Amino acid sequence: LARIQTDSVVMMLRELYPGLRFEIVAMSTTGDKILDTALSKIGEKSLFTKELESALERNEVDLVVHSLKDLPTSLPPGFTIGAVCKRENPLDAVVFHPKNCGKTLSLLPEKSVIGTSSLRRAAQLKKKFPHLEFRDIRGNLNTRLKKLDEKEDFSAIILAAAGLKRMGWENRIGQLLGPEDCLYAVGQGALAVEVRAKDQEILNMVSALHDADTVLCCIAERAFMKRLEGGCSVPVAVNTLLKDDQLYLTGAVYSLDGSDSLKETMQTGVSYPHQNEDGPNDDVQHVGITAKNVPGQAQEAAENLGVELASLLLSKGAKHILSVARQLNDA
């Protein structure tokens, strides 16, 4: 999947800059190597990014392609997200064991086991489908689908629809989980291109890939997550909608079993003219994203929306829910 995502970004860049030659360097990260432990238990913030950022720092590579949801809300100094590409469907999808083909989660027999490596998914779905059991499953998409199909351990697994679509396996999606069933992860479905913050040439080159709507939605989501100090060790979830110049952000926090939760929605206007912001402010980052071609005031409004929504949840007790979830998960 990582390779397919990188190829898709390089293809867009080749179309924009036919005179340039792009060389792809494949690497593996800590997150790719530790497959016998739940993601939430490894406790390493830059699980899928550290090795790639080291190569970026040493000038061995000029840009790195990530799933945006893998990138921490605070990047190490010297790095920035130079492009956020147009978002693929951000929803979660259920892939069923062949024997359960045609079913939905609500129709699965009592005590059916569902595989997911995400605390966020498990917390929401345990509450919504109390008759099901949730168990950890790790590995890349190919490995997880193989585990599902070839063994009888799981009745279904939950994956991001975007990944399945990019792999060309959309036909395996048995059920899409809408916001009423399962809010998605911050940045889910979007690809990010990370670059050296001071490398103006590369920054200008990749900034053509920015999708303005996706940038604003993801800034709001990342600001929400950052203010909550959430990561993959706590269940934090979002849903964003940009319609008629209004940005709507729904955010939620959950206890590990989903019994305790807080959810709110807020909105803000994001219709601002593009001002020429050259000069000392031309590289302002918003939660790690540098987007010169998106109006700065719109980015600020999106960031403030995320911060305000998180502050509202914190005022209602989100900190307690998240710290209990963190302690239980660590235990």
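Below is a summary of the structure that appears in this document.

Parameters at a glance
- Residues numbered from 1 in each chain as written.
- Predicted model: local features only at pLDDT ≥ 70, side-chain atom pairs only at ≥ 80, totals over all residues.
- Heavy atoms only, no water.
- Buried < 20%, exposed > 50% of the residue type's maximum accessible area, 1.4 Å probe, protein only.
- Helix = DSSP H or I, 4+ residues; strand = E, 2+ residues; numbered from the N terminus.
- Pairing = 2+ DSSP bridges.
- Contact = heavy atoms within 4.5 Å.
- Core = buried A, V, L, I, M, F, W, Y, C linked by side-chain atoms within 4.5 Å.
- Salt bridge = Lys/Arg side-chain N within 4 Å of Asp/Glu carboxyl O.

### Here we look at the pairing of strand 8 (residues 191–196)
The two faces of the sheet receive side chains in turn, since in a regular strand these alternate between them.
Phase 1: Taken across its six residues, strand 8 has six buried, putting it largely inside the fold.
Phase 2: Summarising the sheet, strand 1 (residues 64–67) and strand 8 pair through four bridges and their orientation is antiparallel. The residue of strand 8 that forms the bridge with histidine 66 is alanine 192.
Phase 3: One ladder, built from five bridges, connects strand 2 (residues 79–84) with strand 8; its direction is antiparallel. Paired with valine 84 across the two strands is alanine 192, which belongs to strand 8.

### Section: the pairing of strand 9 (residues 236–243)
Phase 1: Bridge analysis of strand 9 against strand 10 (residues 246–254) gives eight bridges, and the strand direction is antiparallel. Paired with leucine 241 across the strands is tyrosine 248, a residue of strand 10.
Phase 2: Where strand 9 folds back onto strand 10 in an antiparallel hairpin, the turn is made up of two residues, including aspartate 244, whose phi is positive at roughly 50 degrees.

### A few points about the environment of leucine 241
Phase 1: In this fold, leucine 241 is placed in strand 9.
Phase 2: Separated by 26 residues in the primary sequence, leucine 241 and glutamine 267 have C-alpha atoms spaced 9.3 Å apart.
Phase 3: Setting aside chain neighbours within four positions, we find leucine 241 in contact with Gln246, Leu247 and Tyr248.

### Observations concerning the nonpolar core
A general trend in soluble globular proteins is that nonpolar side chains are found buried together.
Phase 1: Residues Leu68, Ile81, Phe224, Leu228, Val236, Leu247 and Val253 are the most contacted members of the largest nonpolar core, which totals 43 residues.
Phase 2: Those elements giving two or more residues to this core turn out to be strand 2, helix 9 (212–228), strand 9, strand 10, helix 10 (296–315) and helix 11 (318–330).
Phase 3: In terms of residues, this core owes the most to one element, helix 9, which gives 10 residues.
Phase 4: If we ignore the near neighbours within four places in the chain, the residues touching isoleucine 81 are Leu68, Leu71, Leu75, Ala192, Val193, Glu194, Arg222, Gly288, Ile289 and Thr290.
Phase 5: Of all hydrophobic cores here, the second largest spans 15 residues; its members include Val10, Val65, Ala83 and Leu209.

### Side note on the pattern of salt bridges
Phase 1: Here the structure, examined in full by the defined rule, presents 12 salt bridges.
Phase 2: A salt bridge links glutamate 221 to arginine 87; the nearest nitrogen and oxygen atoms lie 2.9 Å apart. Of this pair, glutamate 221 sits in helix 9 while arginine 87 sits in the loop between strand 2 and strand 3 (92–96), and the two are 134 residues apart along the sequence.
Phase 3: The exposure class of glutamate 221 is buried, given its relative accessible area of 0%.
Phase 4: For arginine 87, a relative accessible area of 17% corresponds to the buried category.
Phase 5: Ionic pairing is found between glutamate 152 and lysine 99, a salt bridge with its closest N-O pair at 2.9 Å. Taken together, the residues glutamate 152 in the loop between helix 6 (141–150) and strand 6 (156–160) and lysine 99 in the loop between strand 3 and strand 4 (113–115) connect sequence positions 53 residues apart.
Phase 6: Looking at glutamate 152, the relative accessible area reads 58%, which means it is exposed.

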